[in-house]
Amino acid sequence: MPASFDYLKALVIEDNAHMRALLRSLLHTLGIKTVLEAADGGAGYVELREKRPDFVLSDLSMKPVDGIEFTRMVRTAQDSPNPYVPIVMVTGHTERHRVEAARDAGVTEFLAKPITAQNLFLRVAELVERPRAFVRSDSYFGPDRRRHKSADYPGPFRRKDDFKDDIEIQ
Amino acid sequence: MIAPKPLLRSADVAEFLRNVNNAETAKRAERIIASRSQELCTVVDGYVTKLEGALKAGDMDALYSEAHEIRGLAETVGLVAAGRIANGLCSYLDEVKHRAVAADRPLLRLYVEAAVRATRATDDATRLGDKVAVELAALAARRLGEAKENIRK
């Protein structure tokens, strides 16, 4: 029986052709038939503009345009076709400063290499089941970086949303 | 807060999640990884050869780049120790760059030799390779600590 989510389109940006092929095959097993591919962030941005994928899996280290720069372009460029598209950063980088730079560029989720099917599926399920709300400030636009709401959080309360329950629908 | 448009129609979410959590889906995925394992091990072996070349040439950027490829792919295809050794080498080189200190050549050689053994050796040696990864990480931390002390002096 054909899946009813056949319309879901993924974009895989990864400079390693072997890893790209592996990710494509694993996404197919989830029933995602359309998997677009690009070898760096620049080519990925072109695919995003032309084919409008629903979510992106992007490597971090690529040349000439890496995953962080790609994410910045998607979130902030004037000609970005979808600043809200979920971006999962697939990375072997465990160094804190690199992870923080990716987070601050507006990455939605991280998927650590080595890839396992289970971890990949969990990240994709997270995108589908719990889409992250976006925030906009003078210095940041992207998914809300606060993962948890703590009843004990003492402040500071700097966001408008800290004082109201309303959210804007895109 | 801005709520983005959901990826799937609400009626399709449950079916998608059922598919994600389906044991048959997991089995199919594992079969895919297994079927590509031999080919990917050969690819990792190629990166290890380039890693040796980068060390010989003293090319730190290439050394990092090849180690990064190994750590990204090796564990996925079962070369666990090779992946961890490569990850340790990347972390060390990243710290060296971050702190603007010179890389320790004997330490780099140990890392590369360990990665070679972990990729090409049989089971026993692979287990030893895992132990070597832990010891190398400790040695790297000690060397970086010494480098920091020298800067203070």
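Residues numbered from 1 in each chain as written. Chains lettered and ligands numbered in written order. Predicted model: local features only at pLDDT ≥ 70, side-chain atom pairs only at ≥ 80, totals over all residues.

Trainee: It is not clear to me how the overall build of chain B should be interpreted in this structure. Could you clarify?
Mentor: For chain B, the helix and strand inventory stands at six helices and one strand. Listed by position from the N terminus, the elements making up chain B come as β-α-α-α-α-α-α. Here the C-alpha atoms of chain B give a radius of gyration of 20 Å, more than 25% beyond the 15 Å that 2.2 N^0.38 yields for 153 residues. Each principal axis of the C-alpha distribution contributes one length, and for chain B these read about 65 × 50 × 25 Å. Burial status across chain B gives 34% buried among its 153 residues. Pairs at least 24 residues apart make up 63% of the contacts formed inside chain B by residues separated by at least 6 positions. (Helix = DSSP H or I, 4+ residues; strand = E, 2+ residues; numbered from the N terminus. Rg over C-alpha atoms; globule rule 2.2 N^0.38 Å. Buried ≥ 20, exposed ≤ 12 C-beta atoms within 10 Å, placed from the backbone. Contact = placed C-beta atoms within 7 Å.)

Trainee: Mind showing me how you'd approach the overall build of chain A here?
Mentor: Across its full length, chain A holds five helices and eight strands. Along its sequence from the N terminus, chain A presents helices and strands in the succession β-α-β-α-β-α-β-α-β-α-β-β-β. Out of the 170 residues in chain A, the part that is buried amounts to 38%. Restricting the contact set of chain A to residue pairs at least 6 apart, pairs at least 24 apart contribute 61%.

Trainee: Help me out: how do you make sense of the nonpolar core in this one?
Mentor: Grouped burial of nonpolar side chains is what soluble globular proteins tend to show. Judged by nonpolar contacts, the single largest core of 79 residues is most densely connected at Val 44, Leu 51, Ile 70, Ala 82, Ile 85, Ala 86 and Ala 115 of chain B. Excluding its chain neighbours within four sequence positions, the residues that come into contact with Ala 115 of chain B are Val 48, Leu 51, Ile 70, Ala 82, Ile 85 and Ala 86 of chain B. (Core = buried A, V, L, I, M, F, W, Y, C linked by C-beta atoms within 7 Å.)

Trainee: Help me out: how do you make sense of the pairing of strand β3 (residues 55-59) of chain A in this one?
Mentor: Moving residue by residue along a regular strand, the side chains alternate between the two faces of the sheet. All names here are of chain A. Within β3, five of the five residues are buried, which leaves it mostly tucked inside the rest of the structure. Here β3 shows no split at all, with Phe 55, Leu 57 and Asp 59 on one side and Val 56 and Ser 58 on the other all buried. Here β3 runs beside strand β4 (residues 87-91); their pairing, made up of four bridges, is parallel. Opposite Ser 58, over in β4, you have Met 89 as the bridge partner. Between the parallel elements β3 and β4, the chain passes through helix α3 (residues 67-76) in a crossover that is right-handed. (Pairing = 2+ DSSP bridges. Right-handed = clockwise from strand over helix to strand, strands pointing away.)

Trainee: Help me understand the interface of chain B and chain A, please; the structure alone is not making it clear to me.
Mentor: Interface size is commonly expressed as the accessible surface area that is lost when the partners come together. On the side of chain A, 41 residues touch chain B, which itself brings 36 residues to the contact. Where the side of chain B that touches chain A is concerned, the elements lending two or more residues are β1 (2-3), α1 (10-21), α2 (23-57), α3 (60-73) and α4 (80-99) of chain B. By residue number, the principal contributor to the side of chain B that touches chain A is α2 of chain B, which donates 10 residues. When grouped by side-chain class, the residues that make up the side of chain B that touches chain A number 18 nonpolar, eight polar and 10 charged. (Nonpolar A, V, L, I, M, F, W, Y, C, P; charged D, E, K, R; others polar.)

Trainee: Mind showing me how you'd approach the sheet that holds strand β1 (residues 9-13) of chain A here?
Mentor: Note on sheets: strands pair through backbone hydrogen bonds, and any given pair is parallel or antiparallel. All names here are of chain A. Pairing is parallel across the open sheet formed by five strands, whose spatial order is β2-β1-β3-β4-β5. Of all strands in the sheet, those bounded by a partner on one side alone are β2 (34-38) and β5 (109-112). Within the sheet, the average angular offset between the axes of one strand and its neighbour, ignoring direction, is 20°. Taken together, the five bridges between β1 and β2 define a ladder with parallel strand orientation. When the bridges of β2 are listed, Ile 13 appears paired with Ala 38. (Axes fitted to C-alpha atoms, helices over the stretch in contact; angles between N-to-C directions.)

Structural measurements only, silent on function.
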